[in-house]
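Structure assessment
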Amino acid sequence: MKSETKNQARMSVTGLVKLIRKLPQYEAWKRSVFLRDHFQCQQCGKRNGRKRVIEAHHLMELSTLVRMNGLGTVEDAISCLALWCPDNGHTLCHSCHEQTESYPKSFRKLKKEKKRKNG
């Protein structure tokens, strides 16, 4: 009988990306990007602070990496070195990150809904 891992069904790119963002390896990738960039936005030069949030931006989107590397499971993602390469990211403040073309539309939508609720 095959192991559970080998029998695991391939999932959608969107579903896999959501799971990747929850992995400890993803947190480690972000931290390595922040450390390399000295916790400073690479666009405007602002630093992380009390009222300023920095974010790790993927130069090549996660969904593109998933497709290009034929990833279908979390195990595939964990073993894919391209996903965890800090060279595929740079640090941006939230404002600069929102201005990128690849900033997730769902994040923009949530922000608009939150503003509407808070008046």
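A brief look at the structure comes next. (Residues numbered from 1 in each chain as written. Predicted model: local features only at pLDDT ≥ 70, side-chain atom pairs only at ≥ 80, totals over all residues. Heavy atoms only, no water.)

**Topic: the overall build of the protein**
Which entries qualify depends on this criterion: Numbering goes from the N terminus for both helices and strands, where a helix is a DSSP run of H or I of at least four residues and a strand is a run of E of at least two. Residue burial is assigned from relative accessible area. The probe radius is 1.4 Å, only protein chains are included, and a residue is buried under 20% of its type maximum, exposed over 50%, and partly exposed in between. The contact rule is simple, with two residues in contact once any of their heavy atoms fall within 4.5 Å.
Counting its secondary structure elements, the protein contains seven helices and two strands. Secondary structure elements in the protein, listed N-terminal to C-terminal, are α-α-α-β-α-α-β-α-α. Counting across all 119 residues of the protein, residues that qualify as buried make up 30%. The long-range fraction of contacts in the protein, counting pairs at least 24 apart against all pairs at least 6 apart in sequence, stands at 72%.

**Regarding the pattern of salt bridges**
Just so we agree on the cut-off: Each salt bridge in this description consists of a side-chain nitrogen of Lys or Arg and a carboxyl oxygen of Asp or Glu lying within 4 Å of one another.
Counted according to the given criterion, the structure contains two salt bridges. Notably, a salt bridge pairs lysine 30 with glutamate 27, separated by 3.3 Å at the nearest N-O pair. You can see lysine 30 and its partner glutamate 27 sitting in helix H3 (residues 24–36), three residues apart, about one turn around the helix. Residue classification places lysine 30 among the partly exposed residues on the basis of a relative accessible area of 21%. Taking relative accessible area as the criterion, glutamate 27 reaches 43% and is therefore assigned partly exposed. Where arginine 36 meets aspartate 37, a salt bridge forms, and the shortest distance between an N and an O atom there is 2.9 Å. What makes aspartate 37 buried here is its relative accessible area of 7%.

**Regarding the nonpolar core**
In a soluble, globular protein the nonpolar side chains are often hidden away together inside. The condition that has to hold: Joining through side-chain atoms within 4.5 Å is the link that ties buried Ala, Val, Leu, Ile, Met, Phe, Trp, Tyr and Cys residues into a set, and such a set is a nonpolar core.
If you look at the biggest cluster of nonpolar residues, it comprises 19 residues, and the most contacted ones within it are Ile20, Leu71, Leu83 and Trp84. Secondary-structure elements contributing two or more residues to this core are helix H2 (13–20), H3, strand E1 (54–58), helix H4 (62–68) and helix H5 (74–79). Per element, the largest residue contribution to this core is four residues, and it comes from H3. In this view, leucine 71 contacts Arg10, Leu16, Leu65, Val66, Asp76, Ala77, Cys80 and Leu83; residues no more than four positions away in its chain are not counted.

**A few points about the packing of aromatic side chains**
Our working rule: Ring geometry is summarised as follows: Phe, Tyr and Trp rings, the Trp one being its six-membered ring, pair when their centres sit within 6.5 Å, and such pairs are stacked at plane angles under 30 degrees, edge-to-face over 60 and tilted between the two.
All told, the structure shown has two aromatic pairs when counted by the stated rule. Both rings, one in phenylalanine 34 and one in phenylalanine 39, keep their centres 6.0 Å apart while their planes meet at 40 degrees; by these two values the pair is tilted. Of the residues examined, phenylalanine 34 reaches a relative accessible area of 12% and is grouped as buried.

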